[in-house]
Structures are given as structure tokens and as C-alpha cells.
Amino acid sequence: VLATCGHAKLTDKSEHINNYGSCPLKKVGLEDWVGPKSEAPPPRWSFDTQPCGYPSVTCMDTSPDMANCDNPFPDANIYHKDETVIATYFDDSFNRTWEDGTKSAPCPLNLTYSDINFNKSTQWIVKKTESFDCPVTCYDCANLCRMQAMSVAKADQMLDPTMQGCNAWVFCTNPDGCTNGEKTMPGLSCTLKRIPLDNPDIQKRMRARSAYEDEEFGTEPAGLMAGGSSDFVSGFCNVRETCVNTESVRDRCDLGCGNEREYSCGGVPFQCSDGCIPRCPC
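By convention here, each chain's residues receive numbers from 1 onward along its written sequence. Side-chain atom pairs in this predicted model are given and counted only at pLDDT of 80 or more, local residue features only at pLDDT of at least 70, and totals for whole chains, interfaces and linings cover all residues. To get the side-chain values, take all heavy atoms of the structure and skip hydrogens and water.

1. Here we look at the pairing of strand 12 (residues 190-194)
Argument step 1. A large share of strand 12 lies buried, amounting to 5 of its 5 residues.
Argument step 2. On strand 12, burial covers both faces: Cys190, Leu192 and Arg194 on one face and Thr191 and Lys193 on the other are all buried.
Argument step 3. The rule for pairing is simple: two strands pair if DSSP sees at least two bridges between them. Helix numbering and strand numbering both begin at the N terminus, where a helix is a DSSP run of H or I of at least 4 residues and a strand a DSSP run of E of at least 2. As paired elements, strand 6 (residues 84-89) and strand 12 share 5 bridges and run antiparallel to each other. Within strand 12, the residue paired with alanine 87 across the bridge is leucine 192.
Argument step 4. Of the strand pairs in this sheet, strand 9 (residues 168-172) and strand 12 are connected by 4 bridges, and their pairing is antiparallel. Within strand 12, the residue paired with phenylalanine 171 across the bridge is cysteine 190. Any residue under 20% of the maximum accessible area for its type is buried, any over 50% is exposed, and the rest in between are partly exposed; the area is computed with a 1.4 Å probe on protein chains only.

2. Description of the sheet that holds strand 13 (residues 232-236)
Argument step 1. If you trace the 5 strands from one edge of the open sheet to the other, you get 5-13-9-12-6, paired in antiparallel fashion. This sheet does not close on itself; its edge strands, each paired only once, are strand 5 (73-74) and strand 6.
Argument step 2. Where strand 9 meets strand 13, 5 bridges bridge the pair, whose relative direction is antiparallel. When the sheet's bridge partners are listed, phenylalanine 171 is paired in strand 13 with valine 233.
Argument step 3. Most of the contacts of helix 1 (residues 138-151) go to strand 9, to which it runs at about 155°, and overall it touches strand 6, strand 9, strand 12 and strand 13. Contacts are assigned to residue pairs with any non-hydrogen atoms lying within 4.5 Å of each other. Axis geometry follows a simple rule: fit a line to the C-alpha atoms, using only the stretch in contact for helices, then measure angles between N-to-C directions, giving values from 0 to 180 degrees.

Structure (C-alpha cells):
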């Protein structure tokens, strides 16, 4: 049984938490790393998910496509004074108004985005539309952040999801609401944000994500955390270096930035283009 608040050691020797039952997380360490131990990143939190592919099993997307949004911080509220709040969702099906007058952004919502089609060699980029329910778990919130960024990615920027849209999310795990300074956020609410890429803490995070070895990869960036965060879980999404947002990456893409016919993106096991194809989940 998972701990509903706090921490617990289970039989698989991994650390699990599940605050208020809305955010199951698992500490990922060396025992989960499949590559050389010397190349393993520091321990970090990940969504504690059920495997997909079995009948009648509720599961979450654990494919490489979620890799850039799968390092949440428990008891943390990502915030910066220069941030832009894109939307806050808290189950609009009830058409609730929070005590301070806050209303949920409309949901469910449909998002149209461009994706790579590995099945048709004659059409590499395809348009897809998906419907997303109101997020009620921290995983839902992170996934919605990922998809919102993909839905506003621009063709003239190689469909790079890092350039605009959501790059940080905050989920209130407490059904009764979460206090943030003088403001109380609605219970089980999901806030999508964007923090400018020129922010020093974001720049440091981008380098750590791309190198996958920085000690701060799995730690909270102190410059982007608000106080009073005990009931929040938050995380970044697509905060990484690409050939569009980082000149040094573009310079090492000898075959051309965005050249999906020459760079690897996909396959089994999954391989990526190291930033040369920005839309790849690398």
C-alpha cells in the first residue's frame, strides 16, 4: 500500500509517496538505470505508473515522449516573478468558482499538434488532434503541459516545443486547496506556466537536462521555488537545449538542424538526435 502522505519503504526497495492519493511518485535511482552505472544521473522523482499494454489496466504514458516532463518535485511550487500563467484547471465539469473568484479554464479541451509519423516514409510530419479531460492528478498536469507546448510549436522553429508554451507545471495535491503565500489555490488544480528561457535557473536546468549528468538534475532549483509549498507538486517540461534555442547545439548538427531523414529519432531501443531534431523527445 502506498503512503498517502509522507514516505514509505516498500518491498522493491524504492521510495514511494502519494500525497492525498492524487500524485503517486517513485524515487528513481541506480537500480532503475539500464546503462553504465558511471553514466547514471543522480536519484530523482518520477511518476509511479502502471505498465501499459494489458487489458483493463489503467496506465500512463511512460514512453520516451514523456521523458522531458518526468522529473517532478514533491513539496515544491515552481514560481518566478517573470513567469506567464497560461491556464489553471480544476475540473470545469462542475463549473465551480473558487472562493477568490477564480474560475477554471475550460476543460475538457482539444489540442491539435504536429508529430513525427514513423509509419509513412512519404509523410514525416502529421497533424493530430486529441481531447484531454480536466487534469485530476499530477501526471495529468505534466502531460497537459507537454501537449500544450506541442500544440503551439511553430513550423519555422522546427516545431521546437521548448520555444513557446508551457515549460513548467504546478499541481495542488490537497483536495481542500493549497496555500501559496496569501493566496489559496483550488484543490486538485493544475497550473500551466512559462518561464523565460533566458532565466539563469532555466539556463542551468537546460544544460543539466541535456548533459544528463549534472548533480542538480534531480534537485529543486532554489531560484525558482516559492515558499509555502508543502501540498504542491511541480515540474519542468521540455526544458532542454536544442539546435533552435542553443547556438552551440546548432553548430554541432553537421547534417542540419531539423534533418529527420539523417538524424536518428525513434527505433527500438529508442534513440534520439541530441537536440538536432527539436521535436524529438530527447
